[in-house]
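Listed below, chain by chain, are the residues.
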Amino acid sequence: AQTVTQSQPEMSVQEAETVTLSCTYDTSESDYYLFWYKQPPSRQMILVIRQEAYKQQNATENRFSVNFQKAAKSFSLKISDSQLGDAAMYFCAYRSPNRDDKIIFGKGTRLHILP
Amino acid sequence: NAGVTQTPKFRILKIGQSMTLQCTQDMNHNYMYWYRQDPGMGLKLIYYSVGAGITDKGEVPNGYNVSRSTTEDFPLRLELAAPSQTSVYFCASSSTVTNQPQHFGDGTRLSIL
């Protein structure tokens, strides 16, 4: 069964600095999909970025980018120029190419932004 | 676009009462899910459904029931509410296209006193 591990329960970063949140996963599948979600204090779950495993190029969305290392089964999220509004819980998620498989979430990393 | 709509947003129940959390989506998604999130914790899957008439248990199904009579609706029923069920409940849906993410509702904050 697939697993997703976020080894950093909490992190802090100074405003305007760069921070990287780690995520590793375990799977025997060769094709799959990875996602990062942001959950601010409002509790909404907001999709930040997605990555298809068959794509070698790392996904980017404005200040958010990933470092996807398929062989290492690693999918870290980099936030550049951190802003106060980035303070949130961040969840890494894995989706199998098998349609009926559940999406697997990590336990989350709480990110604090220091002014 | 409404997306995934959950009602109510907040509710206080007394121990032993029952209630139904409503969830509806307008994206014609086959897959729907119920999660609970305890304070400061991650998501735990309660039940999920891959289509109308089909439901299956997740990690923490005890004390809950679901039904899926239509593609749009996936209500979660709490029978005999207990303090341990105090949590925030999220409904989510996703399409059969596997490169697509889940879409979440805004959550229902439930307190059992």
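All of these numbers come straight from a predicted model, not from anything done at the bench. (Residues numbered from 1 in each chain as written. Chains lettered and ligands numbered in written order. Predicted model: local features only at pLDDT ≥ 70, side-chain atom pairs only at ≥ 80, totals over all residues. Heavy atoms only, no water.)

Engineer: Please clarify how the sheet that holds strand 1 (residues 4-7) of chain B should be interpreted in this entry.
Structural biologist: Hydrogen bonds between backbone groups are what pair the strands of a sheet, and the pairing can be parallel or antiparallel. All names here are of chain B. Judged by pairing direction, the sheet is antiparallel, and its 4 strands sit side by side in the order 1-3-8-7 without closing on themselves. In this open sheet, the two strands that pair with only one neighbour each are strand 1 and strand 7 (64-66). Neighbour-to-neighbour, the strand axes of the sheet open up by a mean angle of 20 degrees, direction not taken into account. In this structure, strand 7 lies alongside strand 8 (residues 76-78), joined through 3 bridges in antiparallel fashion. Paired with Asn 65 across the strands is Arg 77, a residue of strand 8. (Pairing = 2+ DSSP bridges. Helix = DSSP H or I, 4+ residues; strand = E, 2+ residues; numbered from the N terminus. Axes fitted to C-alpha atoms, helices over the stretch in contact; angles between N-to-C directions.)

Engineer: In this structure, what is going on with the pairing of strand 3 (residues 19-25) of chain B? I would like to understand it.
Structural biologist: All names here are of chain B. Residues of strand 3 alternate between two faces, with Met 19, Leu 21, Cys 23 and Gln 25 buried on one and Thr 20, Gln 22 and Thr 24 left unburied on the opposite face. In the sheet, strand 1 pairs with strand 3 via 4 bridges, with the strands oriented antiparallel. Residue pairing across strands places Gln 6 opposite Cys 23, the latter belonging to strand 3. With 3 bridges joining them, strand 3 and strand 8 adopt antiparallel strand pairing. Of the residues in strand 8, the one forming a bridge with Met 19 is Leu 78. (Buried < 20%, exposed > 50% of the residue type's maximum accessible area, 1.4 Å probe, protein only.)

Engineer: So what exactly am I meant to see when it comes to the side chain of Thr27(A) here?
Structural biologist: All names here are of chain A. One can find Thr 27 in the loop between strand 4 (24-26) and strand 5 (33-39). The buried category is assigned to Thr 27, whose relative accessible area is 8%. Polar side-chain contacts of Thr 27 include one of 3.1 Å to the backbone nitrogen of Glu 29. Not counting residues within four places of it along the chain, the set of residues in contact with Thr 27 comprises Gln 2, Tyr 32, Lys 73 and Tyr 94. (Polar contact = N/O pair within 3.5 Å; in protein donor to acceptor, adjacent residues only side chain to side chain. Contact = heavy atoms within 4.5 Å.)

Engineer: What exactly am I supposed to notice about the pattern of salt bridges here?
Structural biologist: Note on pairing: side chains with opposite charge can pair once their charged atoms come close. Scanning all chains against the criterion turns up 5 salt bridges over all chains. We note a salt bridge from Lys73(A) to Asp26(A), for which the minimum N-O separation is 3.7 Å. Of this pair, Lys73(A) sits in the loop between strand 8 (64-69) and strand 9 (74-79) while Asp26(A) sits in strand 4, and the two are 47 residues apart along the sequence. Residue Glu79(B) pairs with Arg77(B) through a salt bridge whose shortest N-O separation is 3.1 Å. (Salt bridge = Lys/Arg side-chain N within 4 Å of Asp/Glu carboxyl O.)

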